[in-house]
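Listed below, chain by chain, are the residues.
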Amino acid sequence: MGLLSKKDAALITDPFADNNPITIQVLGICSALAITAELKASIVMAVSVLFVLGVGNVVISLMRNIIPSKIRIIVQLIVVATLVIIVDQVLKAFAYELSKTLGAFIGLIITNCIIMGRFEAFALANGPWRSFLDGIGNALGYGVILIIVGFFRELLGSGTLLGFKVLGDPIEKTGLYAFGYENNGFMLLAPMALIVVGIIIWIQRSRNEALIEE
Amino acid sequence: MSKKTDSNLYTVLFAAGMVLIVGALLAFFASALKPTIDENKRIEKQQNILYAMGVNENDETNAIFISKDKVAEVFSKYITKQLVIQGDKITEDPKAYLIDIKKEQTAEKEGKERRLPLFIGEKDGKKFYIAPIRGKGLWDAVWAYVGMDENMVVQGAYFDHKGETAGLGANIKQRFFMDDFIGEHLLKDDSFKGINISKSNNDPKNEDKTDNEVDAIAGATITGDGVSAMIKSELKKYVSFFNTLKTN
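Residues numbered from 1 in each chain as written. Chains lettered and ligands numbered in written order. Predicted model: local features only at pLDDT ≥ 70, side-chain atom pairs only at ≥ 80, totals over all residues. Heavy atoms only, no water.

This part takes up the UniProt feature "transmembrane region" (unreviewed entry) in chain B. Per the UniProt record, "transmembrane region" (unreviewed entry) is found at residues 12–33 of chain B. Within residues 12–33 of chain B, the helical portion is 100% and the strand portion 0%, while the C-alpha atoms at the span's ends are 32 Å from each other. (UniProt positions renumbered as here; feature names shortened; annotations may be inferred. Helix = DSSP H or I, 4+ residues; strand = E, 2+ residues; numbered from the N terminus.)

To continue, consider the sheet that holds strand β5 (residues 141–148) of chain B. Residues and elements named next belong to chain B. As summarised here, the arrangement of the 6 strands in space is β2-β1-β3-β4-β5-β6, forming an open sheet in which the pairing is antiparallel. Both edges of this open sheet fall to β2 (89–92) and β6 (154–161), since each of them pairs with a single strand only. Mean inter-strand twist for the sheet, computed between neighbouring axes without regard to direction, equals 25°. Taken together, the 6 bridges between strand β1 (residues 79–86) and strand β3 (residues 116–123) define a ladder with antiparallel strand orientation. Considered in β3, the bridge of Ile79 is made with Gly121. The sheet contacts of helix α2 (residues 68–78) involve β1 and β3, and relative to β1 the element is tilted by about 75°. Across the sheet, helix α5 (residues 221–235) touches β4 (126–136), β5 and β6, and the angle it forms with β4 is around 125°. (Pairing = 2+ DSSP bridges. Axes fitted to C-alpha atoms, helices over the stretch in contact; angles between N-to-C directions. Contact = heavy atoms within 4.5 Å.)

For the rest of this paragraph, the subject is the confidence of the model for chain B. Mean pLDDT over chain B: 89, with 98% of residues reaching 70 or higher. The ipTM for the predicted assembly is 0.76, set against a pTM of 0.77. (pLDDT = per-residue confidence, 0-100.)

Here the focus is the pairing of β5(B). Residues and elements named next belong to chain B. Most of β5 sits out of view: 8 of its 8 residues are buried. Two strands pair when backbone bridges link them, and β4 and β5 are joined in this way by 8 bridges, in the antiparallel orientation. Note on β5: the bridge partner recorded for Ile133 is Ala144. The turn joining β4 and β5, which pair antiparallel and follow one another in sequence, is formed by 4 residues. Between β5 and β6, which pair antiparallel one after the other, the connecting turn spans 5 residues, and Met152 there sits at a positive phi close to 60°. (Buried < 20%, exposed > 50% of the residue type's maximum accessible area, 1.4 Å probe, protein only.)

Structure, rendered in structure tokens:
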């Protein structure tokens, strides 16, 4: 017997593909547009959401029988805001440079629809372990898309990956730039993130026709 | 049948309990982490000042500060004087680097006399004058430490921001932008002109250092304008100090 039952394993694997929060549920698009101009910011945002969603789902799940239904949305917001403030403070204390790179974007996790969506749709109705797996699965599914978008936007927009020049020097005209290649400035603008996400959705649906809505 | 958790009294008590628990938790984290965060900010200021006078661990392309464990020792080695300029009065203050520029700008707006910190450093027999400045970018504050010689020619600069767009305005803290300022003149014909972040600059390698212009970052016009305005308004305040150097 494996570590996880088939049903539990699906909570982790489904959000990667057939139930991806960004490409299928179309949630968390705003942050995917805002922070993906750099791969580093995408990775840190993905890790931060992994923590907030994983822990937040467990907290909401543990409280699910005592939360008054009238104020459940406010309670969910308080939980996510508290976790986000803790992440922000811990980053400032132990990863100061990183916290500055992310700036306001850590605070934006509060507005991420995926988090409230999973609290409401899953954690309020399931036990802590399954809620934890669901949180981790959805955060990973979200993070994978963020990292793919960040990879292409930084590579094609700046010619760098994680800040390292991988295509050569655009001023000195070395590497690919020696053959006339130019960085595509459009890739750094938010609308291009939407186009990259659109291309991922297109590829995903062309490979799995079951995802195409009639 | 309504559940016990649906009653008004339960809801109010639950909300009050939650506020207390969350408040206590956040207060605990804030107070436990405050000394570490404050220490990080203090170290960062010293690293920024040293960076602006060329004391850093830069590799070929990346801006890298003096490491945290060495910074206190290196700071006391290179920074020979810390001055506070207030009107005509110039005093020495060994903790001038801790002066909060934002608070000083607010005091100035309220009509009070502002304190201007200036750090004097010496490296390889050459004197550097480093001024901290602060202004507005597109989304939030931008700030810089500008190292100059006695003729107000920039010897090094470190730019930073609070919330500029990653990949666009946030690139003011990338070396390709900051290095363009080295050698750039702030004066023209002995009067202060500042440095304009110019979109129309036909000098992408920034070889003409006397044009009072550096090349802008594509897609970051408002951040660039903010940087130009910050340099013009803030460094101008130091001109009288540099004039006293010439007369002495």
